[in-house]
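What the coordinates show
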Amino acid sequence: MKKIIYLALTAATTFLLIQSCSKSSDGGSKNTNTGSSFDRKAMLVNISSNIIIPAYTSYHDATVSLDAAVTTFNTTPTAGNLTALQNSFIAAYKQWQSTSMYNFGPAQDAGLGVNTNTYPVSVTQITANINSGTYNPLLLANLAAKGLPALDYLLFGTGADNAAILAQFTTDSKAANRKTYLAALSAELKTNATTVLAAWNGSYKTTFLNATGTDVSSSTGQLVNQLIYDYEILKNYEIGIPAGTQSMGTTFPEKVQAYYSKISLQLTELHLSAIQNLYNGATGLGLDDYLISANNTALNTRIQTQFSAAATKLQGLTDPLSANIISNPTAVTASYTELQKLTVMLKTDMTQALGIAITFGDNDGD
Amino acid sequence: MPGSVKLNFSSLVKAQVHIAPLSVLRIAFGSIMLVSTIRFILKGWVYAFYIKPQFHFTFYGFDWVKPPAGAGMYVLFAILTVAAIMVTIGLFYRAAIITFFLCFTYVELLDKTTYLNHYYFISVMAFLMIWVPAHRYFSVDTKLRPKIAVTRVPAWTINIFKMQLVLVYFFAGISKLNYDWLIAAMPLKIWLPANSQMPVIGGLLTQTWVAYAFSWFGAIFDLFIGFLLLDGRYRKWAYALVIIFHLSTAVLFKIGMFPYIMICVTIVFFSEKTHIRIVNLLTHFLPKSKHYTSNKDYHLPVFKTQFIYTVLALHFIIQLLLPFRFMLYPGKLYWTEEGYRFSWRVMLMDKGGTIFFYVKDSKTGKRSEIINSQYLTTFQESQMATQPDMILQFAHHLAAEYQKKGINNPIVTADSYVTLNGSGSRLYIDSTVNLAKEQETLLDHKKWIIPFNSTQQ
């Protein structure tokens, strides 16, 4: 009896072996792991010491300067101080582009992303806050009335030119309220930046370096997931939605990032190169090396090429992006298409090749 | 020969055997279900999987299964918890196991995003447990009504579980007999190095030969373990393998309770002597240590027996056929996933995808790209991206939503890229097909899936 069972099994095995020999991978020519070991911890050390913490430090410094510029301007609201403040603001907004993609750990706890850069702003909400002279940072409705986008409006959008804007802070009946609001917003940015930087300089760095796995809560998992998430924000919110890709072609030029200061495209270009820099691990170990060590050199090349292709398309556009969307919508949607291609490579090819979990929950198993 | 078959049949089905294995199975299954249910609640998954999503991917023919409103979902899980406790201690057992089966299956039918073979396995086990008198020995029920206590039960009441387990392992083994698993060592060649941070074994996991060793060992284990467990001579060693195998999968992969469930329920293969010993051991831990026993046999009226035989025969015929339904479809099974579920295909492939949906106004020709996350959770989106039936369901949902917005006969298309076992992403479905017009059927092939081999990026 037993012999019969085993004979049958062997037969079944042989049969099925022959039957089901259709392959998914191309005979080991690519995408097969040779088994070379990649030091994820070394990558985390490099990324945290050479990219993340410097980014948070610079951003923190930028918010400190910004807050100081606000204080100076509020004390002495002159045209010169306004320009200086505007320049401080632009510097902070630029630095934010290489700071936004680490929205896990301390940044997530502080709600850094949404509190810093929720746009488009609600001018109605901002006006209401100024008129009433009250501002509650914890109020959900105020997410669209705070952070860099709100400053963008206050410093660049409250008048047709700098003289008119200055008047809003000097002769206007609500000038005092407006200055108070300005100070509250820059102080909040500074506080949040300080909190997050302190956490990274403190115990969180150890936590980050020790979570060396590849599941959703591991540091590599969080880095990759947030990189993709932030990249999709770039693609959708900085370009796609304003260009009308999600609204039957109806464009929303006013929904771009930094609509009032008109530096949208500049910021997007910085943002894209910051994401690429994170991918590359700057000059050290990054996701590119990780892919190469997993024998996915070809994929890495494709990703690098696509980063360049997208950057080239963006370079073909001009600031103000909002005007460009109206004057040359085809060029903008063409950039969008190029950005879209990179999404697939990062989200699907890269995560699968590295075995990185992109969702929580149990997987199937036996 | 016919005589021996008859003898075998009656010894496997009708012979009176000791009931202890059934009681132990009841306790093992009930307690592991209790742990699973509580774990599920504590992880916040009741909310994340069933309350938060505004849209659910129901199973074909089960569109009527909707999550209960408000706190209803939590009530359902509270009922599951209580039912699991009652099954464990054997209190109002039949009512408890029927309730457990119905509630659990209901939850599983709500959304195929969360489909796992091990949830299907739990439903199947709970279903089988409905038909057996697992409460007539070493249970609260026998304390309350000593009259119902029995010592011997017909062998089928225990053997159906062994048969089910043998089928599960064997089919899992057969499904591993393919090029990807055995020759390319995929997906383990991707999954194992992802664990290289582990102490001691971490370095080994990045070695190619280890991926091969795991693949082959896994396939051989699944194919033969059921049969080895059946044989008294190898049982102890086989069970040791069960423990080693499942524990190592628990350490290496994020597969939740499944390893522990299998370790618990495979105890059923042991002899009645072992089970009596387990019961005696458990008795020591109980306050009133003497449990009621009688020397009675379990007897059912003929018509009931025949009814149960019919139900079980049907069950096992379905169990034998379901895993083969993939043969009805053309193309590569892992790619199309047509006939993939309910077949004990576990941990077989590494698949991921990205999908962009477009809704076009057929009147104006203008189109919108959909932000999937406005309708779906990340988990739903990632599961949908690689499963054609879910893609179709979501496309229909989008069509309905845009219809509501006043766009008549919206055209829904999708650009979808999928990578399978390291193939690199390839175009997955025909991006020119209006998915709003395609219908889901029970068994028809979806012609708009682009065959695996014909596309390469």
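Conventions and cut-offs
- Residues numbered from 1 in each chain as written.
- Chains lettered and ligands numbered in written order.
- Predicted model: local features only at pLDDT ≥ 70, side-chain atom pairs only at ≥ 80, totals over all residues.
- Heavy atoms only, no water.
- Domains from an automatic or database assignment.
- Contact = heavy atoms within 4.5 Å.
- Buried area = accessible area lost by both parts, 1.4 Å probe.
- Salt bridge = Lys/Arg side-chain N within 4 Å of Asp/Glu carboxyl O.
- Polar contact = N/O pair within 3.5 Å; in protein donor to acceptor, adjacent residues only side chain to side chain.
- Helix = DSSP H or I, 4+ residues; strand = E, 2+ residues; numbered from the N terminus.
- Phe/Tyr/Trp six-rings, centres within 6.5 Å; stacked < 30°, edge-to-face > 60°.
- Buried < 20%, exposed > 50% of the residue type's maximum accessible area, 1.4 Å probe, protein only.
- Lys NZ or Arg CZ within 6 Å of the ring centre and 35° of its normal.
- Expected span 1.5 Å × (residues − 1).

1. What about the domain arrangement of chain B?
Residue and element names in this part refer to chain B. For chain B, the assigned domains are domain 1 (17–326) and domain 2 (350–454). Using C-alpha coordinates to define each centre, domain 1 is positioned 35 Å away from domain 2. Of the residues lining the interface, 18 residues belong to domain 1; the matching set on domain 2 comes to 19 residues. Overall, the association of domain 1 and domain 2 removes approximately 1,700 Å² of surface from exposure, summing both partners, and the carbon and sulfur fraction of that is 64%. Taken together, domain 1 and domain 2 are joined by 1 salt bridge. Close ionic contact of Lys112 with Asp389 constitutes a salt bridge, the shortest N to O distance being 2.9 Å. Between domain 1 and domain 2 we count 8 residue pairs in polar contact (both at pLDDT 80 or more) in total. When residues of the side of domain 1 that touches domain 2 are traced back to their parent elements, those giving at least two are helix H3 (45–51) and helix H10 (188–191).

2. Focus: the packing of aromatic side chains
Within the structure shown, the criterion is met by 51 aromatic pairs over all chains. Taking the centre distance of 5.2 Å and the plane angle of 65 degrees together, the rings of Tyr153 of chain A and Tyr260 of chain A count as edge-to-face. Of this pair, Tyr153 of chain A sits in helix H7 (residues 147–156) while Tyr260 of chain A is found in the loop between helix H11 (219–240) and helix H12 (264–280), placing the two residues 107 residues apart along the sequence. A relative accessible area of 22% places Tyr260 of chain A in the partly exposed class. Between Phe170 of chain B and Phe227 of chain B the ring centres are 5.7 Å apart and the planes differ by 85 degrees, which places this aromatic pair in the edge-to-face class. With Phe170 of chain B in helix H8 (residues 156–174) and Phe227 of chain B in helix H11 (residues 208–230), the pair connects residues that are 57 residues apart, well separated along the chain. Across the pair, exposure class does not vary: Phe170 of chain B and Phe227 of chain B are buried alike. Aromatic rings pair up to connect Tyr56, Tyr102, Phe104, Trp200, Tyr204 and Phe208 of chain A into one cluster. One cation-aromatic arrangement involves Lys112 of chain B over Phe59 of chain B; the distance from NZ or CZ to the ring centre is 5.8 Å. The side chain of Lys405 of chain B reaches across the aromatic face of Tyr402 of chain B, ending 4.3 Å from its centre.

3. Quick word on helix H18 (residues 388–404) of chain B
Residue and element names in this part refer to chain B. Its 17 residues place the ends of H18 24 Å apart at the C-alpha level, agreeing with the 24 Å of an ideal helix rising 1.5 Å per residue. Counting buried positions over the 17 residues of H18 gives 12, a clear majority of the element. Here H18 has its buried residues at Pro388, Asp389, Met390, Ile391, Leu392, Gln393, Phe394, Ala395, His397, Leu398, Ala399 and Tyr402. Against helix H16 (333–336), strand S3 (351–360), strand S4 (367–369), helix H17 (378–384) and strand S5 (411–420) lie the buried residues of H18. Just past H18, the residue Gly406 takes up positive phi, approximately 95 degrees.

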